[in-house]
Amino acid sequence: MSPASIQNEQDSDSDSDVEFEDVPISLPSRPRNREDIEIPITIPSTPRPQWTPTLSLPQQRSQPIPSGSEEEIQLRGQISTGIERVTYRKMKSDMGMDAPDTPTSARRYNSFKELTADVEGLIDMLWASATPAIQTEALITLAGLTQTSLSAFPFDAPPTLNILHKLDSVFAALCTGTHPLTGAVLPGAQPGQSLATETQKVRIRSLAERTRYAVFSCLAKSDNRVNDASVNANGYGYGNGDEDEDSGDEVDEPWMLEATQVYEKSLMLLAEQDPDVEGVDEFSCS
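This structure is a prediction, so every number in the text was calculated from the model and none was measured. (Residues numbered from 1 in each chain as written. Predicted model: local features only at pLDDT ≥ 70, side-chain atom pairs only at ≥ 80, totals over all residues. Heavy atoms only, no water.)

## Here we look at the packing of helix α4 (residues 132-149) against helix α6 (residues 198-221)
Inference 1: Here α4 crosses α6 at 20°, and the two axes come no closer than 10 Å. Between α4 and α6, the angle falls in the class roughly parallel. Viewed along their axes, α4 and α6 form a crossing whose handedness is left-handed. Side by side, α4 and α6 meet where T136, E137, I140, A143, G144 and Q147 of the first sit next to Q200, R203, I204, L207, R210, T211 and A214 of the second.
Inference 2: Taken together, the residues of the contact of α4 with α6 sort by class into 5 nonpolar, 5 polar and 3 charged. (Axes fitted to C-alpha atoms, helices over the stretch in contact; angles between N-to-C directions. Helix = DSSP H or I, 4+ residues; strand = E, 2+ residues; numbered from the N terminus. Parallel < 35°, antiparallel > 145°, perpendicular 65-115°, else oblique. Left-handed = near helix turned anticlockwise from the far one by under 90°. Contact = heavy atoms within 4.5 Å. Nonpolar A, V, L, I, M, F, W, Y, C, P; charged D, E, K, R; others polar.)

## Concerning the packing of helix α3 (residues 112-129) against α4
Inference 1: One way to put it is that α3 packs onto α4 with a least axis distance of 10 Å and a crossing angle of 170°. Between α3 and α4, the interaxial angle falls into the category roughly antiparallel. Taken together, the residues of α4 that come into contact with α3 (itself represented by F112, L115, V119, L122, I123, L126, W127 and S129) are I134, Q135, A138, L139, L142, T146 and S149.

## A few points about the nonpolar core
Inference 1: If you look at the biggest cluster of nonpolar residues, it comprises 54 residues, and the most contacted ones within it are I123, L139, F171 and Y263.
Inference 2: Elements represented by at least two residues in this core include exactly α2 (70-95), α3, α4, α5 (157-176), α6 and α8 (256-259).
Inference 3: The biggest single contributor to this core is α5, with 10 residues.
Inference 4: Ignoring sequence-local partners within four residues, the contact set of Y263 consists of A143, L164, L167, D168, F171, A208, T211 and R212. (Core = buried A, V, L, I, M, F, W, Y, C linked by side-chain atoms within 4.5 Å. Buried < 20%, exposed > 50% of the residue type's maximum accessible area, 1.4 Å probe, protein only.)

## Section: α3
Inference 1: For α3, which comprises 18 residues, the first-to-last C-alpha distance of 26 Å matches the rise-based estimate of 26 Å (1.5 Å per residue) to within 8%.
Inference 2: Burial in α3 covers these residues: F112, L115, T116, V119, L122, I123, L126, W127 and S129. For α3, the arc enclosing every buried residue in end-on projection is 150°, short of the 170-degree limit, so these residues lie on one face.
Inference 3: As for α3, its buried residues are in contact with α2, α4 and α5.
Inference 4: A130 sits one or two residues past α3 and shows a positive phi near 55°. (Expected span 1.5 Å × (residues − 1). Arc of directions from axis to C-beta.)

## Focus: the side chain of S266
Inference 1: Counting through the fold element by element, S266 comes out in helix α9 (residues 264-269).
Inference 2: Not counting the four nearest positions on each side in its chain, S266 is found in contact with D168, F171, A172 and I204.

## What to know about the pattern of salt bridges
Inference 1: For the structure shown, the criterion picks out 12 salt bridges.
Inference 2: The residue D98 makes a salt bridge to K92 at a minimum N-O spacing of 2.6 Å.
Inference 3: Using a relative accessible area of 8% as the deciding quantity, one classes K92 as buried.
Inference 4: For the salt bridge of R108 with D98, the shortest nitrogen-to-oxygen distance reads 4.0 Å. Taken together, the positions of R108 in the loop between α2 and α3 and D98 in the loop between α2 and α3 put the pair 10 residues apart, joining distant regions of the chain. (Salt bridge = Lys/Arg side-chain N within 4 Å of Asp/Glu carboxyl O.)

## With respect to unusual backbone geometry
Inference 1: Even without a glycine there, the phi angle at A130 is positive, about 55°.
Inference 2: Counting through the fold element by element, A130 comes out in the loop between α3 and α4.
Inference 3: Despite not being glycine, Y263 has its phi angle at roughly 55°, a positive value.
Inference 4: For Y263, the location among the structural elements is in the loop between α8 and α9.
Inference 5: Taking the relative accessible area as the measure of exposure, Y263 reaches 1% and is therefore buried.

## Comments concerning the confidence of the model for the protein
Inference 1: Scored by pLDDT, the protein comes out at a mean of 78, with 66% of its residues at no less than 70.
Inference 2: At the low end of the mean pLDDT range in the protein sits helix α7 (residues 228-234), at 44; at the high end sits α3, at 96.
Inference 3: Counted against residues more than four places away or in other chains, residues 224-252, with its pLDDT under 50, gives 40 contacts.
Inference 4: In this model, residues 275-286 is a region of pLDDT below 50 whose contacts with residues beyond four sequence positions or in other chains number 21 contacts. (pLDDT = per-residue confidence, 0-100.)

## Considerations on a nonpolar patch on the surface
Inference 1: Together, Y88, M91, M95 and M97 make up a nonpolar patch on the protein surface, roughly 410 Å² of accessible area in all.
Inference 2: Its relative accessible area of 47% is what places M97 among the partly exposed residues. (Patch = residues over 30% accessible without salt bridge, like charges linked within 9 Å, V, L, I, M, F, W, Y side chains within 5 Å. Areas by Shrake-Rupley, 256 points an atom, 1.4 Å probe, with all protein chains shown as cover.)

## Regarding the packing of aromatic side chains
Inference 1: The full count for this structure, using the stated rule, is 2 aromatic pairs.
Inference 2: Measuring from ring centre to ring centre gives 6.2 Å for F112 and F153, while their planes differ by 55°; the resulting arrangement is tilted. Of this pair, F112 sits in helix α3 while F153 is found in the loop between α4 and α5, placing the two residues 41 residues apart along the sequence. Across the pair, exposure class does not vary: F112 and F153 are buried alike. (Phe/Tyr/Trp six-rings, centres within 6.5 Å; stacked < 30°, edge-to-face > 60°.)

Have a look at this one:
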């Protein structure tokens, strides 16, 4: 083969290689109108915080306090004095006055949180006693006092829902005879045995229903949904106070979901109880 032929064949192979090379393809682009440009829009949102009520209970006695003992008399006296003090301080809050020389422990409550602190101390004392003969009646009295005090103060969700959750848990424990945190049988009870009488169960259910209604009434009057300042001060709450202010939509009401769980355990346990009948069959806690 002549040198000229060899050169022509090499040139031909070179052209063939170019044909199969990976050459980026550029498509002609047309100018886009301003209307065609998609601009991503980010809508800021405030996430709803996850909040659950807390429950702490003191250690109980291993056995109930003996009936008629000096210890029982002392406990009844302490509980009676404590309830009277809460009632007295709440009454002074309704009046809105205090004498200048009134000791701190006897001054009027300035918030519902202060009232719940005293109530919780009495609940803990009753729970630690492990004595149903004293516990249930006193707890019903404290729960009733808590319920009637709700409307006397600006609605404060965390302390309100916490104290109601504690009362609910203790009532449910007495109705089932089991510890709300450990599931152990309560002192003085048998497995599946209720430590509350049928009459007491009727009263607990009625009280739970009234309290739930009172909480919803307080929520309806509360300005938490539209008052950013109060939401931030509490450290809870969510949503923009200006959103849906006049829409009447209750879905975004702060604390509405949590309010639906007020006395949930007790109401579920006593759902079959007829509030108009006291002499009903023994309640089953299975």
